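# Secondary and tertiary structure notes
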Amino acid sequence: MKKFLFCLSVLLSMFNVNVAAYVRYVTVNLNLRYGPGIAYEIITSLPKGTPVSIDEDCDCKWVLVEYDGKIGYISTKYLSENPPYRKIKRESQIQTHKTYPTTYDIVRYYTNVNGYRVQSPTYYDSTPTGATALCRDGTYSFSRNRKGTCSHHGGVAKWL
């Protein structure tokens, strides 16, 4: 399979063929695989927001793409026609007093399974006091148990 993908990429580059007809955006950190399915080995991971070119807009479950010089398959379940929402700093959201961290998001809270009020994952410029994990999307989690931590933020990148 590796030889086939390599030969395909060489042929396309020799003839300077542009097979890309549609641009889609990766909605999560997504694995690039050697074949169309989760049973195939992972080549690399595409970060959330990465634009990819696909040759047809189909109802397929997997599509062949090129990323960072590597060719492989990704699941179409995690592709969008629109780029992901990007958080923008707004003057009204930035707290500048020394006792408060500078945030990119308004601080929100939720009630966990044990009934405690916990701060929702939030963007900070540096590790805030009380954070328990750094999520893959760059937010800091304040979760009081490991189950479900950063589940809507790409998973845990690093436990603190």
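These numbers come from a predicted model, not from an experiment. Throughout, a residue's number is its position along its own chain's written sequence, starting from 1. Local features in a predicted model are, by the rule used here, given only for residues with pLDDT of at least 70; side-chain atom pairs are given and counted only at 80 or more, and totals for whole chains, interfaces and linings are based on all residues. As a rule here, side-chain values cover all heavy atoms of the structure and leave hydrogens and water aside.

This next bit is on the sheet that holds strand 1 (residues 22–26). Any two strands are treated as partners once DSSP identifies two or more bridges connecting them. Segments assigned H or I by DSSP are reported as helices when at least four residues long, segments assigned E as strands when at least two residues long, and all are numbered from the N terminus. Judged by pairing direction, the sheet is antiparallel, and its 3 strands sit side by side in the order 4-1-7 without closing on themselves. Every interior strand has two partners, whereas the edge strands, strand 4 (51–54) and strand 7 (79–80), have only one. In the sheet, strand 1 pairs with strand 4 via 4 bridges, with the strands oriented antiparallel. From the neighbouring strand, R24 faces strand 4, where its bridge partner is V52.

Ordered in space as 10-12-11-13, the 4 strands form an open sheet in which the pairing is antiparallel. The open sheet terminates on both sides in strands that have one partner only, identified here as strand 10 (122–123) and strand 13 (156–159). Inspection of the sheet shows strand 11 (residues 133–135) paired to strand 13 by 3 bridges, in the antiparallel sense. For C135, the partnering residue across the bridge sits in strand 13 and is V156.

Another point: the confidence of the model for the protein. As a per-residue measure, pLDDT tells how confident the predictor is, with possible values from 0 to 100. The share of residues in the protein with pLDDT of 70 or more is 72%, and the mean pLDDT across the chain is 76. Any two residues whose heavy atoms approach within 4.5 Å at even a single point are treated as in contact. Below a pLDDT of 50 lies the segment residues 16–20, which in the model reaches 6 contacts outside its immediate sequence neighbourhood of four places, other chains included. Counting interchain partners and residues more than four positions distant, the pLDDT-below-50 stretch residues 94–105 has 23 contacts.

Two cysteine sulfurs form a disulfide in these notes if their separation is within 2.5 Å. In the structure shown here, the tally under the stated rule is 1 disulfide. In this model, C135 is linked to C150 through a disulfide, with the two sulfur atoms separated by 2.0 Å. With the S-S dihedral at roughly -75 degrees, the linkage between C135 and C150 falls on the left-handed side. On the criterion of sequence distance, the pair formed by C135 in strand 11 and C150 in the loop between strand 12 (139–141) and strand 13 is long-range, its members being 15 residues apart. Considered together, C135 and C150 belong to a single accessibility category, that of buried residues. The cut-offs for exposure are 20% and 50% of the maximum accessible area for each residue type, with area from a 1.4 Å probe on protein chains only; residues under the lower value are buried, those over the upper are exposed, and the others partly exposed.

This paragraph deals with the pattern of salt bridges. Side chains that differ in sign of charge can pair as their charged atoms come close. Take a side-chain nitrogen of Lys or Arg and a carboxyl oxygen of Asp or Glu: if they are within 4 Å of each other, that pair is a salt bridge. Evaluation of the coordinates by the stated rule reveals 1 salt bridge. A salt bridge links R24 to E81; the shortest N-O distance between them is 3.8 Å. Placement of the pair is R24 in strand 1 and E81 in the loop between strand 7 and strand 8 (109–111), with a sequence separation of 57 residues. For E81, a relative accessible area of 54% corresponds to the exposed category.

Further remarks concern the packing of aromatic side chains. Note on aromatic contacts: the rings of Phe and Tyr and the six-membered ring of Trp form a pair at centre separations within 6.5 Å, being stacked when their planes are under 30 degrees apart, edge-to-face when over 60 apart, and tilted otherwise. For the coordinates displayed, the defined rule picks out 2 aromatic pairs. Taking 6.5 Å as the distance between ring centres and 65 degrees as the angle between the ring planes, the aromatic pair formed by Y124 and Y140 counts as edge-to-face. With Y124 in the loop between strand 10 and strand 11 and Y140 in strand 12, the pair connects residues that are 16 residues apart, well separated along the chain. Neither Y124 nor Y140 differs from the other in exposure class; each is buried. With 6.2 Å between their ring centres and 70 degrees between their planes, Y124 and F142 make a pair best called edge-to-face. Of the two residues, Y124 sits in the loop between strand 10 and strand 11 while F142 sits in the loop between strand 12 and strand 13, which places them 18 residues apart along the sequence. The same class applies to Y124 and to F142, which are both buried. Ring pairing ties together the aromatic residues Y124, Y140 and F142, which thus form one cluster. Here, over-ring charges are defined by two tests on the NZ atom of lysine or the CZ atom of arginine: distance to the ring centre within 6 Å, and angle to the ring normal within 35 degrees. The residue whose ring lies beneath R146 is W159, and the NZ or CZ to ring-centre distance is 4.0 Å.

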